[in-house]
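What follows is each chain in one-letter form.
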Amino acid sequence: MEKVVRQLNWIYYGQMVIALIVLTAMYFAFSKGLYEPLDRMSRLGITVQYIIIIDALITIPLGLYLVKLFKPRTEKTYFKCAASRILLASNAMIFGIFAYYWMGCYQSMLWVAAISAVAWYFSKPTLGKAEEETTPEDPNIPTY
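On a predicted model such as this, the values are computed, not experimentally measured, just so you know.

Participant: Explain the packing of aromatic side chains here, please?
Facilitator: Given two aromatic rings, one states the distance between the centres and the angle between the planes to describe the pair. This model, assessed by the stated rule, comprises eight aromatic pairs. Ring geometry for phenylalanine 30 against tyrosine 35: centres 6.3 Å apart, planes inclined by 45°, an arrangement best described as tilted. Phenylalanine 30 gets classed as partly exposed once you look at its relative accessible area, which sits at 30%. A relative accessible area of 21% places tyrosine 35 in the partly exposed class. Between tyrosine 100 and tyrosine 101, the aromatic rings sit 4.9 Å apart at their centres with planes inclined by 75°, giving edge-to-face as the arrangement. Of the residues examined, tyrosine 100 reaches a relative accessible area of 14% and is grouped as buried. Grouped by ring-pair contacts, the aromatic residues Tyr27, Phe30, Tyr35, Tyr100 and Tyr101 constitute a single cluster.

Participant: So what exactly am I meant to see when it comes to the confidence of the model for the protein chain here?
Facilitator: Detailed reading of the predicted coordinates is not advisable wherever pLDDT is low. Summing up the model confidence of the protein chain, the mean pLDDT is 91 and the portion of residues at 70 or higher is 95%. Here helix α5 (residues 127–134) stands out as the least confident element of the protein chain, with mean pLDDT 87; helix α1 (residues 2–32) is the most confident, with 95.

Participant: Mind showing me how you'd approach the nonpolar core here?
Facilitator: What tends to happen in soluble globular proteins is that the nonpolar side chains get buried as a cluster. By size, the foremost hydrophobic cluster in this structure holds 34 residues, and its most contacted members are Leu8, Tyr78, Ile97 and Met109. Counting only elements with at least two residues in this core, the list comes to α1, α2 (43–70), α3 (75–102) and α4 (107–122). Residue contributions to this core peak at 13 residues, all from α3. Contact partners of methionine 109, with chain neighbours within four places excluded, come to Gln49, Ile52, Ile53, Gly96, Ala99, Tyr100 and Met103.

Procedures and definitions
All chains use their own residue numbering, which begins from 1 and follows the written sequence. Note on the predicted model: pLDDT of at least 70 is required for a residue's local features to be given, and 80 or more for side-chain atom pairs to be given and counted; whole-chain, interface and lining totals, by contrast, use all residues. In computing side-chain properties, one takes all heavy atoms of the structure into account and sets aside hydrogens as well as water. Aromatic contacts are taken between Phe, Tyr and Trp rings whose centres are within 6.5 Å, Trp giving its six-membered ring; a plane angle under 30 degrees counts as stacked, one over 60 as edge-to-face, and the others as tilted. For each residue, the accessible area found with a 1.4 Å probe, counting protein chains only, is set against the maximum for its type, and the residue is called buried under 20%, exposed over 50%, and partly exposed in between. You can read pLDDT as the predictor saying how much it trusts each residue, on a scale of 0 to 100. Helix and strand definitions follow DSSP, with helices as H or I runs of at least four residues and strands as E runs of at least two, each counted in order from the N terminus. Only buried residues count toward a nonpolar core, which is a set of Ala, Val, Leu, Ile, Met, Phe, Trp, Tyr and Cys residues joined through side-chain atoms within 4.5 Å. Residue contacts are defined here by distance: any two heavy atoms, one from each residue, within 4.5 Å place the two residues in contact.

What follows is the structure, given as structure tokens:
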């Protein structure tokens, strides 16, 4: 199980690196004036906002509860579920950072990225979490 957690940590921190690359590239492009900021009240601007917000509303809860929905028992299925959890919980962070700068530092997109960053933080793979999520529940233990 330690090997699986180590591989999941590569995915986890890889998402952070991707977010930092997007942040750095968009900040550089925005500060140098390499593109015209998108008007947030235009039809395209509103559509982009809707897409990113709906993406966050769907993928963050799905990512955080994916392992509980499928209840994996083997290391292979746990790896797939946990990797999907990390990717789903953090994709709105990357899109939110991109849209924040693309729309000329529009604050609402930064909030979407921040909410996704919190979900990304809670998807951190640890050995204890992996063992807890892969052990079957004992139906004989009463829950009060």
